[in-house]
Number of protein chains: 2
Amino acid sequence: MTILREMNVKEQAIEAKKAAKIVGLLSREDKDEALHVLADTLEKEYKYILKANELDLERGRKKGYEDAFMDRLALTKERVIEFADGLRQVATLDDPTGTILSEWTLDNGLNVQKVTVPLGVIGMIYEARPNVTVDATGLALKSGNSIILKGGSSAISSNKAIVEIMHQALEKTNIPKEAVQFIESTDREATKQLFTMNEHIDVLIPRGGASLINSVVNNATVPVLETGVGNCHIYIDHEADVQKALNILINAKTDRPAVCNAVETVIIQKDWLEKNEELLTSTFKKHGITVHGDERALQCIPGSIPASEEDWADEYLSLELAVRVVNNLEEAVEHIDRYGTKHSEAIITENSETASLFLQLVDASCLYHNASTRFTDGGALGFGAEIGISTQKLHARGPMGLPALTTVKFMMRGNGQVR
Amino acid sequence: MTILREMNVKEQAIEAKKAAKIVGLLSREDKDEALHVLADTLEKEYKYILKANELDLERGRKKGYEDAFMDRLALTKERVIEFADGLRQVATLDDPTGTILSEWTLDNGLNVQKVTVPLGVIGMIYEARPNVTVDATGLALKSGNSIILKGGSSAISSNKAIVEIMHQALEKTNIPKEAVQFIESTDREATKQLFTMNEHIDVLIPRGGASLINSVVNNATVPVLETGVGNCHIYIDHEADVQKALNILINAKTDRPAVCNAVETVIIQKDWLEKNEELLTSTFKKHGITVHGDERALQCIPGSIPASEEDWADEYLSLELAVRVVNNLEEAVEHIDRYGTKHSEAIITENSETASLFLQLVDASCLYHNASTRFTDGGALGFGAEIGISTQKLHARGPMGLPALTTVKFMMRGNGQVR
């Protein structure tokens, strides 16, 4: 196995930028072939990866990480095959670059084309999951970019092994291995260096918890694609169908409580709550949901505990749920405006006009009428692949597929035109 | 005349955010009508604006501002009419919001729409020109946004008068006047407050010189649409037609030297220079262009003075020109990569393959083959209106029209779908 050379972060970024020029000129065929070579090599060398993963798991056990965290960290042969299949799937997607979005000719004969092109160098800053190392690399290369990977220290051995295998594989392709840079240092200073390399890095994509994302957003001068903190709400309107409301609420809370599109607060119109308080209480009990309620919720839902400011503002990522009671849609929208993270917000109502108003008024990337917030996911919505879920408004919003990793150029062709 | 109430910046931003909800729901008709009322009222009250402008001019004369600066600051009846006509022209443009960019239905029946929506609150931070006060307001309102205006202190009286008139006009429309906020304080602290109001401001757009733009980019946590510093290059290839090269170079340098799309450095292939050095020298002389050259340029162009690092890196915005001599395209691209600001870059050559390579390799928003860099302009390229020229890669690149002031929402409509 090749040993990754110790380099300083700036040198790596400069290498990535140079390599980006080469990747950006490659044909779709070259890139897809490289993705297949990457996939095949990862599968072939799965034992090397699992051995490295064992080191991370051992360290994790010693540190006493909780089960859910260890689950995300643990690799198996099957998971490595999933990584490889993910790369093969990206190879089937359309090349997002080289698309002429629009074209026109001025009266003076100057031809104007607006063409999609790669961003250049993508800096990926992420936490535990080693799958991001593979997924992000596949999406970056397919869209003609270089990538700088800075994973969490808890998965450092797995990530390093995966990148070693990928570098070995790239030697057999037209993509220079310098297009995939791995920051080996677990020092926080290394991450901070990435924050201000505007000359060499075109975009930073943080993936992880709120503190990681805020640290990048608040400290980076390099443009950031903000992803994924989801303090999601479901508003149950007074005209909500009871069965739909309960099904959707339980699905959004319990299907996978730890993910960003799970619901964290339900806002209930007071008349609906009064009519359905017993059924609601028994449903919460049945599914093991702990309720943190405001004053009115405490009165209606036995066993609920008082909600504090943090209950409204933070993600639980567990089977806990905040319950707020309101008089009307306006109060619901106000609550979401105040505490929402612009991720996924739903309304349950049989009145489609009320629903449309909610969809227009609430400021978020994904708005739902009578459906679970759990659909906010590139796979579930049919995007093919996803580099993250953007909760910002500029460039890309919601699940980000390959087009989010491109920008445009205006290409003007003339024969001597002047103004 | 109404007197603008002294408010603190945060209160103003909160008012703008509230008003944005209302503007965002208005129909195209409501918004266009409001633009016409704004236009008519500005024209009617032009004397009030000119009187205020006189105060700015007087202050400027006392401070000894240079002529070009005073020119940009000075208003006349005709210029006020131009502002009004600009607003009427924006009214003729398509509404950029409410467009369904794509729509599909999942197998489970969940309908997905990707719809354009307003950004919300736009913070405009700009220097002397009072026309930005009107232009930016028109574009923001047409795209359903609120705007916070923070103009330069040298135009404070003119800007204040313009906003007073616009507020007066908005009283007669369905747009709440709180949608247009004017920061009256000329204190730098007021500007800095805008930098970190992520909760209330959706995007900051700086327009002005490099120091203003850098200050916003480096200090703002609110997302920024970076505009307009143009250190533009023209590369004259060894296969360049002499007449085209000279025409384009002279146009790009002398048509309006002080604007961002003027050329600042010409990069010349050495063989072409040797063949054409006399003609080039006489052309520079005829047009009063001062040449700052590298070693080889100094040898070929009599009267040229040595170029320093600043000559390559900074905009002259005058009839000065840096001249760099290279052996080939690769060296030209390297120079542009190092010193360019990703604005507008041109190649002059009769070889279309060389041109295509240049257009692909150079990382900039606008690339030209055999045409002047001066075409980088919303008006010249047929965009209808322009809020600035983006030199960044995310969200919007190149001349930014109305669509740059929108984002998207995914609106999902179901009948109880869960995962």
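Residues numbered from 1 in each chain as written. Chains lettered and ligands numbered in written order. Predicted model: local features only at pLDDT ≥ 70, side-chain atom pairs only at ≥ 80, totals over all residues. Heavy atoms only, no water.

### Observations regarding the interface of chain A and chain B
Taken together, the contacts link 66 residues of chain A with 66 residues of chain B. Put simply, chain A and chain B have four salt bridges between them. Among the salt bridges present, the one from Lys 393 of chain B reaches Asp 202 of chain A, with a minimum N-O distance of 2.8 Å. Counting the contacts that link chain A with chain B gives 39 residue pairs in polar contact (both at pLDDT 80 or more). At 11 residues, strand β16 (residues 406-417) of chain A tops the list of elements feeding residues into the side of chain A that touches chain B. (Contact = heavy atoms within 4.5 Å. Salt bridge = Lys/Arg side-chain N within 4 Å of Asp/Glu carboxyl O. Polar contact = N/O pair within 3.5 Å; in protein donor to acceptor, adjacent residues only side chain to side chain. Helix = DSSP H or I, 4+ residues; strand = E, 2+ residues; numbered from the N terminus.)

### Section: the relation of the copies chain A and chain B
Least-squares fitting of chain A to chain B yields an RMSD of 0.0 Å, with the transformation described by 0.0 Å of translation along the axis and a rotation of 180 degrees. What we have between these two chains is a two-fold relation. By C-alpha distance to the rotation axis, the residue of chain A lying nearest is His 395 of chain A, at 1.7 Å. Mapped onto chain B, 100% of the interface residues of chain A are again interface residues, and the two copies thus contact each other with one and the same surface. (Least-squares fit on C-alpha atoms with pLDDT ≥ 70 in both.)

### Digging into the packing of helix α2 (residues 28-44) of chain B against helix α6 (residues 131-142) of chain B
Residue and element names in this part refer to chain B. One can describe the packing of α2 onto α6 by two numbers: an axis separation of 9 Å at closest approach and a directional angle of 165 degrees. With respect to each other, α2 and α6 are oriented roughly antiparallel. Handedness of the α2/α6 crossing: right-handed. In this structure, α2 uses Arg 28, Lys 31, Asp 32, Leu 35, Leu 38 and Leu 42 to contact α6, whose residues at the interface are Val 134, Gly 138, Leu 141 and Lys 142. (Axes fitted to C-alpha atoms, helices over the stretch in contact; angles between N-to-C directions. Parallel < 35°, antiparallel > 145°, perpendicular 65-115°, else oblique. Left-handed = near helix turned anticlockwise from the far one by under 90°.)

### Examining the sheet that holds strand β6 (residues 203-207) of chain B
Residue and element names in this part refer to chain B. The four strands lie next to each other as β5-β4-β3-β6, forming an open sheet whose pairing is parallel. Two strands bound the open sheet, and with one partner strand each, they are β5 (180-182) and β6. Averaged over all adjacent pairs, the angle separating strand axes in this sheet is 20 degrees, with direction ignored. Taken together, the five bridges between strand β3 (residues 121-126) and strand β4 (residues 146-150) define a ladder with parallel strand orientation. Counterpart to Gly 123 in the pairing with β4 is Ile 148. Sheet strands in contact with helix α8 (residues 188-195) are β3, β4 and β6, and its direction is about 145 degrees off that of β4. (Pairing = 2+ DSSP bridges.)

### Thoughts on the pairing of β16 of chain A
Along any regular strand, the residues point their side chains to alternate faces of the sheet. Taken across its 12 residues, β16 of chain A has 10 buried, putting it largely inside the fold. Relative to β16 of chain A, strand β2 (residues 111-118) of chain A runs antiparallel, the two sharing eight bridges. The partner of Val 112 of chain A across the bridge, within β16 of chain A, is Met 412 of chain A. Pairing geometry for β16 of chain A and strand β13 (residues 366-371) of chain B, over five bridges, is parallel. Its bridge partner lying in β13 of chain B, Phe 410 of chain A is registered against Cys 366 of chain B. (Buried < 20%, exposed > 50% of the residue type's maximum accessible area, 1.4 Å probe, protein only.)

### Describing the domain arrangement of chain A
Interface size is often expressed as the accessible area that is lost when the parts come together. Annotation of chain A at the domain level lists domain 1 (9-226 + 394-413) and domain 2 (232-380). Taking the mean C-alpha position of each, domain 1 of chain A and domain 2 of chain A sit 35 Å from one another. (Domains from an automatic or database assignment.)

### Let's talk about the environment of Leu 38 of chain A
Residue and element names in this part refer to chain A. Within the secondary structure, Leu 38 sits in helix α2 (residues 28-44). The spacing of Leu 38 and Met 166 is 128 residues in sequence and 5.9 Å in space, taken between C-alpha atoms. Each residue touching Leu 38, except ones within four places of it in the same chain, is listed here: Leu 87, Leu 141, Met 166, Ala 169 and Leu 170.

### Describing the pairing of strand β8 (residues 263-269) of chain A
Residues and elements named next belong to chain A. The element β8 is extensively covered by neighbouring structure, given that seven of its seven residues are classed as buried. Read from strand β7 (residues 232-236) through helix α10 (residues 242-254) to β8, the crossover connection turns out right-handed. Across five bridges, β8 lies against strand β11 (residues 320-326) in parallel orientation. Residue pairing for β11: Val 266 is matched across the bridge by Val 323. (Right-handed = clockwise from strand over helix to strand, strands pointing away.)

### A few points about the packing of aromatic side chains
Across all of its chains, the model carries eight aromatic pairs over all chains by this definition. Centre to centre, the rings of Tyr 65 of chain A and Phe 69 of chain A are 4.5 Å apart; their planes meet at 45 degrees, and the pair counts as tilted. With 5.9 Å between their ring centres and 70 degrees between their planes, Phe 383 of chain A and Trp 104 of chain B make a pair best called edge-to-face. Here Phe 383 of chain A is found in the loop between α16 (378-381) and β14 (388-390), whereas its partner Trp 104 of chain B is found in strand β1 (residues 100-105) on a different chain. Under the relative-accessibility criterion, Phe 383 of chain A is labelled partly exposed at 24%. Through successive ring pairs, a cluster of aromatic residues spans Trp 104 and Phe 410 of chain A together with Phe 383 of chain B. (Phe/Tyr/Trp six-rings, centres within 6.5 Å; stacked < 30°, edge-to-face > 60°.)

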